[in-house]
Amino acid sequence: MSSASPSSELPTAAPTARPVLSVRNLTTQFRTDRGLLTAVDSVSFDVFEGEVLGIVGESGCGKSVTARSIMRLLPEHITRYGPDSRVEFSGCNLLELKERRMRRIRGDRIAMIFQEPMTALNPVYTIGAQLDEALRYHTSLSRRERRRRVLELLERVEIPSPERRRREYPHQLSGGMRQRIVIAMALACEPDVLIADEPTTALDVTIQAQILRLMDELRKTSQTAIVLITHDLGVVAQMCDRVVVMYAGQVVESAGVDDLFHDAAHPYTRALLESIPRSGARRTGRLATIPGMVPGLDEMPAACRFAERCSGREDRCTRIAPRLTDITDARSVRCHFPMHQAAGETH
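One structure accompanies this document, and this report is about it. Keep in mind that what you see is a predicted model, and the values were worked out from it rather than measured.

### Overview of the layout of surface pockets
Thought 1: Of the voids in this model, the largest pocket is the one considered here, and its volume is about 970 Å³.
Thought 2: Ala120, Gln130, Glu133, Ala134 and Met185 are the residues nearest the centre of the largest pocket, which is lined by 30 residues in total.
Thought 3: Of all elements in the fold, only helix 1 (63-71), strand 7 (110-113), helix 3 (117-120), helix 4 (127-138), helix 5 (143-156) and helix 7 (175-187) reach the threshold of two or more residues within the lining of the largest pocket.
Thought 4: Of the residues forming the lining of the largest pocket, the biggest block, 9 residues, is contributed by helix 4.
Thought 5: Looking at the lining of the largest pocket, its residues break down into 14 nonpolar, 6 polar and 10 charged.

Here it is, written out as structure tokens:
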């Protein structure tokens with residue numbers, strides 16, 4: 001993880017603005033040999049035009065399942081959504097749409113950047129053919145216009161020699177270039193919402209900075225709403241306006257980026273922040289870590305799901321499940337004993 005220092009330059013959405021995407025009580029379950037397992041449990045958040053919403057947490061916390069639930073990319077034969085689950089976009093609940101209509105939205109008005117570009121790109125088709133496919137399906141552009149648009153997209157994501165790269169295959173490109181191709185595919189139809197699932201994982205810091213800059217330019221020029229899924233709090237500090245912290249399938253804290261970094265209320269959020277290596281800090285001992293692991297889907301505690309790993313747990317934490325409670329109009333936390341310094345309280 002990189003050193004984190006929240007940016008105060010990014011604009012925040014107006015409280016009265018209407019969200020582009022509204023997720024309410026999203027519950028995603030999977031049918032397995034061990035029964036019905038809940039991977040995402042009553043998750044709610046809004047995303048506004050031109051803002052970046054970060055979703056953070058360790059691996060296994062439900063971040064990617066949340067994204068794939070929104071996009072309806074989970075295998076339907078084993079996936080079940082809760083009866084109160086809603087993903088509101090453009091006046092409809094995406095979870096209720098027929099697959100044919102969902103395909104018209106997916107890749108056009110809502111696009112996704114996947115974590116591993118080699119799984120998102122088809123190895124037997126050229127880069128140009130794969131970019132052309134989205135344009136052919138979602139637009140009425142002629143063949144010549146699509147070719148021109150493909151070259152524009154390659155230039156936009158700073159691919160050198162776009163005419164030559166257009167004729168090449170994914171295996172001929174570096175990891176950073178493949179990730180930029182995936183971003184170009186996501187940008188092809190100028191989406192209203194862009195979901196980026198760990199877009200900079202396994203990239204070196206130089207390429208990572210380029211990818212983040214491309215996404216930030218998209219937000220500024222097109223007012224695209226971005227949902228950025230990551231475990232890197234340094235990226236969150238650099239890119240995001242608001243942050244949703246997930247643990248074991250639940251939202252445990254939601255706040256503006258400055259509030260989160262300066263005054264984390266949930267012990268899990270504080271533990272994540274404390275585990276960030278600090279540049280320039282003296283080496284006085286081992287890096288801070290969070291003991292234990294995220295519980296498996298088949299062993300979720302009935303009470304607080306973080307209690308076993310929390311150094312400040314009390315008896316109530318192991319008996320009663322905390323509710324997600326609003327601290328302010330723009331902040332909520334799921335903890336019996338949150339620490340909220342802005343209110344002058346420490347439990």
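So, next bit.
### A few points about unusual backbone geometry
Thought 1: Residues other than glycine seldom take positive phi values, yet Asn25 does so here, at roughly 50°.
Thought 2: Among the residues examined, Asn25 registers a relative accessible area of 38% and is labelled partly exposed.
Thought 3: Although it is not a glycine, Glu158 adopts a positive phi angle of roughly 60°.
Thought 4: Here Glu158 lies in the loop between helix 5 and helix 6 (162-165).

### Side note on helix 1
Thought 1: Summarising burial for helix 1: 7 of the 9 residues are buried, a large majority.
Thought 2: Here helix 1 has its buried residues at Lys63, Val65, Thr66, Ala67, Ser69, Ile70 and Met71.
Thought 3: Looking one or two residues beyond helix 1, the residue adopting positive phi is Arg72, at roughly 55°.

### A short note on empty space enclosed by the protein
Thought 1: Counted according to the given criterion, the structure contains 1 cavity of 30 Å³ or more.
Thought 2: Computed from the structure, the largest cavity encloses a volume of approximately 40 Å³.
Thought 3: Looking at side-chain class alone, the lining of the largest cavity contains 5 nonpolar, 2 polar and 2 charged residues.

Criteria and cut-off values
Throughout, residues of each chain are indexed from 1 in the direction in which the sequence is written. Confidence filtering applies because this is a predicted model: local features only for residues at pLDDT of at least 70, side-chain atom pairs given and counted only at 80 or more, and all residues used for totals across whole chains, interfaces and linings. Only heavy atoms go into the side-chain values, all of them from the structure, while hydrogens and water stay out. Here a cavity denotes a set of grid points, spaced 1 Å apart and computed over the protein atoms alone, in which a 1.4 Å probe fits but from which it cannot get out, and a pocket denotes an open set meeting protein on both sides within 12 Å along at least five of seven lines; residues with an atom within 4 Å of a point are reported as lining. Grid points are joined across faces, edges and corners, and a volume is the space filled by probe spheres set on the points. Secondary structure is summarised from DSSP: a helix means a run of H or I of at least four residues, a strand means a run of E of at least two, and numbering begins at the N terminus for each. Three classes are used, and their members are as follows: Ala, Val, Leu, Ile, Met, Phe, Trp, Tyr, Cys and Pro are nonpolar, Asp, Glu, Lys and Arg are charged, and the others, Gly among them, are polar. Only protein chains enter the calculation, and the probe is 1.4 Å; a residue is then buried if its accessible area is under 20% of its type maximum, exposed if over 50%, and partly exposed in between.

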